[in-house]
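# Structural overview for review
The chain contents come next:
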Amino acid sequence: PENCFDVYVLARDQGMEIIAARALYECCRYELADLDTNMSPILNPDILWACALGRELIAERGAAQLRRLDPDYMRNAHSDILPGFGGPACERVQACEAAMTDTFEIISAGLAPPHRDPLNSYARNDAFLKRLKNQLCQPCRSMVTRAIQSDAQAVWISLPDILAPAMAGES
């Protein structure tokens, strides 16, 4: 895994934006405080800056992913995935509506825990999302899961755009 730093630098220097972005994403998964600069001579201040900024950009995208749990947005944007709460497939309309509304109020108030990895948090049973999932009926749980997975796929595809400022060394 530590080869991601070398891959990032090589891909960035060769103008291979997609590979560089995906390698930088892997680099950003390391805690900066835990990085051993002796691990690789490539870990210079520019690389560490790219990692720090990349982590912030990915976290911003994770926050945007959480904001998409707005019940109205979910109902309108993902009805094609599975008609969820409030729809014909929902098994507990009031409970699911309340769970989604309460969760979104926590998100809107800025009280949700940081969502630092919009690509993997749901797969890893992110505690905040797991709590929501446990409050929903199966059809609504499926709708939320598929919506987050769909968003994660969109993040993966747009990773070069998301991480472009970090790869360019911008502040």
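Scroll up for the structure.
Residues numbered from 1 in each chain as written. Predicted model: local features only at pLDDT ≥ 70, side-chain atom pairs only at ≥ 80, totals over all residues. Heavy atoms only, no water.

### A closer look at the overall build of the protein
Just so we agree on the cut-off: Only DSSP runs of H or I reaching four residues or more are called helices, and only runs of E reaching two or more are called strands; each is numbered from the N terminus. Buried means the residue's accessible area, taken with a 1.4 Å probe over protein chains only, is under 20% of the maximum for its type, while exposed means over 50%, and partly exposed covers the values in between. In what follows, a contact means two residues having at least one pair of non-hydrogen atoms within 4.5 Å. Areas reported as accessible are Shrake-Rupley estimates using a 1.4 Å probe. Residue values count occlusion only from the protein chains shown.
A count of helical and extended segments in the protein gives nine helices and zero strands. Shown N-terminal to C-terminal, the secondary structure of the protein runs as helices and strands in the order α-α-α-α-α-α-α-α-α. Here the protein holds 171 residues, and the buried ones make up 42% of them. Taking the intrachain contacts of the protein between residues at least 6 apart in sequence as the baseline, contacts between residues at least 24 apart amount to 72%. When the accessible area of the protein is evaluated, it comes to approximately 9200 Å², of which 52% is carbon and sulfur surface.

### Quick notes on the state of the cysteines
Basically, it comes down to this: Working definition: a disulfide is two cysteine sulfur atoms within 2.5 Å of each other.
By the definition in use, this model includes zero disulfides. Its sulfur unpaired, cysteine 27 is 3.5 Å from the next cysteine sulfur, which belongs to cysteine 4. Taking relative accessible area as the criterion, cysteine 27 reaches 0% and is therefore assigned buried. For the unlinked cysteine cysteine 28, the closest cysteine sulfur is that of cysteine 51, found at 5.1 Å. Residue classification places cysteine 28 among the buried residues on the basis of a relative accessible area of 5%.

### Examining the pattern of salt bridges
As a reminder of what qualifies: Salt bridges are counted wherever a side-chain nitrogen of Lys or Arg sits within 4 Å of a carboxyl oxygen of Asp or Glu.
Throughout the structure, instances matching the rule amount to six salt bridges. The partner of glutamate 26 in a salt bridge is arginine 29, and the shortest N-O contact between them spans 3.5 Å. Classification of glutamate 26 by relative accessible area gives partly exposed; the value is 33%. Of the charged contacts in the structure, one is a salt bridge between aspartate 151 and arginine 68, with a shortest N-O distance of 3.4 Å. Pair noted here: aspartate 151 is in helix α7 (residues 138–157) and arginine 68 is in the loop between α3 (45–67) and α4 (71–77), with a separation of 83 residues, a long-range link. Here the salt bridges share partners, and the residues they tie into one network are Glu26, Arg29 and Asp117.

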